[in-house]
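# Residue-level structure breakdown
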Amino acid sequence: MSFMLSKGLLAGVLLFLTCCSPAAPGLVRIPAMEVLKSSVQHTGEGLLFDVQVQVINPNPFPIALQDIAGKWIVDGQVSHEVQVQDLSIPASSSSSTTLQTRAPLPASFKPERTHTFRFDAHYRLHSGSGLSAIQDHTLFQGSFQTKSIP
């Protein structure tokens, strides 16, 4: 009985140490992305997106996101594909970039309604330990109501 209690206590201590310890050398943590601000304008022919995104590097070394490409999705429907410039983020820091793109009007578009957008993409994460390919997932998302361009 005391062996089971000691084994459970040991497992708890190891779990605690694992959660609180820094990442092992060579292990790269994925950066977080957050929409700082966005504006969407209705041009008559389509939508003009201007989205500022902050990329947060949780690693104690610089990283670069390369070959960023993905699908712009409006109201749940794929709108068009986008290629984004490479980004370099300093160690334990953040960097922001602005993504500007034009999208065709979704079939369900109504100016007075709230619409959603998201960017599902893939990229290569370059760090001191090499390159890693990150498969398609949602990098950022948000919602908007449009303003018409006169």
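Heads up: the structure comes first, above all this text.
In this report, the structure presented in the accompanying data block is examined. Just so you know, these numbers come straight off a predicted model, no measurement behind them.

This part is about the environment of K37. Within the element layout of this structure, K37 appears in strand β1 (residues 32-42). Given a relative accessible area of 56%, K37 falls into the exposed group. In this structure K37 touches D50, V51 and Q52, once residues within four positions along its chain are discounted.

It is worth spelling out the pairing of strand β8 (residues 130-144) at this point. When strand β7 (residues 115-127) meets β8, the two strands line up antiparallel, connected through 12 bridges. Following the sheet pairing, R118 is matched in β8 by Q141.

Another aspect to go through is unusual backbone geometry. Even without a glycine there, the phi angle at D67 is positive, about 55 degrees. Relative to the elements of secondary structure, D67 occurs in strand β3 (residues 63-74). Exposure remark for D67: the relative accessible area of 41% places this residue in the partly exposed category. With a phi angle near 50 degrees, D75 is a residue other than glycine that sits in the positive phi range.

Under the defined criterion, the tally for this structure stands at four salt bridges. The partner of D136 in a salt bridge is K71, with the nearest N and O atoms 3.9 Å apart. A residue pair is termed long-range when its members are at least 10 positions apart, and D136 in strand β8 and K71 in strand β3 qualify at 65 residues. Assessed through its relative accessible area of 32%, K71 is described here as partly exposed.

What counts as what
- Residues numbered from 1 in each chain as written.
- Predicted model: local features only at pLDDT ≥ 70, side-chain atom pairs only at ≥ 80, totals over all residues.
- Heavy atoms only, no water.
- Helix = DSSP H or I, 4+ residues; strand = E, 2+ residues; numbered from the N terminus.
- Buried < 20%, exposed > 50% of the residue type's maximum accessible area, 1.4 Å probe, protein only.
- Contact = heavy atoms within 4.5 Å.
- Pairing = 2+ DSSP bridges.
- Salt bridge = Lys/Arg side-chain N within 4 Å of Asp/Glu carboxyl O.

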